[in-house]
Amino acid sequence: MRGRTFALGALLVALVTTGACGGSGDAERKYVDKLTGAGFESVSVLPEVKTSHRKNRERRSTVAYTFDWRVNTDADPATCTVTLRHPAHSTSSLRGDHWNIEEVNDEDIQGWGGESPDPDTVRRLLRKHDYDC
């Protein structure tokens, strides 16, 4: 009987501890909420994971969450894929309050300024930088 009680107690502690930690799922939901609140639709967020090797052990940690948004800025059928990135702490929680434009059509983007651009701002920046979307 004692063995069962101990095992049940250990299981409850594990469940409570796991439930209280939050984690990547919470951060993904927060980022989805931020994006949809800014006007993006059909949001699906993916973790960006970095793998490091230390003392013969592999360690994987989430460094950011990304959202690939397919966008059209004009009347022609051409579209661009814009990757919006929100940094994360090693604990998988969101780092800071803002996301940025990381890539357009798999090209790294830097210096576009602005934090947490909404869909209209992204479209304006694409036109400004001569992307045919």
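The structure presented is a predicted model; accordingly, all values stated were derived computationally and were not measured. (Residues numbered from 1 in each chain as written. Predicted model: local features only at pLDDT ≥ 70, side-chain atom pairs only at ≥ 80, totals over all residues. Heavy atoms only, no water.)

Here we take up the state of the cysteines. As enumerated under the stated definition, the model contains 1 disulfide in all. A disulfide bridge connects Cys80 with Cys133, and the sulfur atoms are separated by 1.7 Å. The sign of the -85 degrees torsion about the S-S bond sets the Cys80-Cys133 disulfide as left-handed. Of this pair, Cys80 sits in strand 3 (residues 80-87) while Cys133 sits in the segment after helix 3 (119-128), and the two are 53 residues apart along the sequence. (Disulfide = S-S within 2.5 Å. Helix = DSSP H or I, 4+ residues; strand = E, 2+ residues; numbered from the N terminus.)

On to the pattern of salt bridges. With the rule as written, the count across this model stands at 4 salt bridges. Note that Arg85 is salt-bridged to Glu102, the shortest N-O span being 3.2 Å. Of this pair, Arg85 sits in strand 3 while Glu102 sits in strand 4 (residues 100-104); the two residues are 17 residues apart in sequence, bridging distant segments of the chain. The exposure class of Arg85 is buried, given its relative accessible area of 19%. Close ionic contact of Arg123 with Asp120 constitutes a salt bridge, the shortest N to O distance being 3.3 Å. Highlighted residues: Arg123 and Asp120, both in helix 3, separated by 3 residues, approximately one helical turn. Here Asp120 falls in the exposed class, since its relative accessible area comes to 56%. Through salt bridges with shared partners, a single network forms among Glu48, Arg85 and Glu102. (Salt bridge = Lys/Arg side-chain N within 4 Å of Asp/Glu carboxyl O. Buried < 20%, exposed > 50% of the residue type's maximum accessible area, 1.4 Å probe, protein only.)

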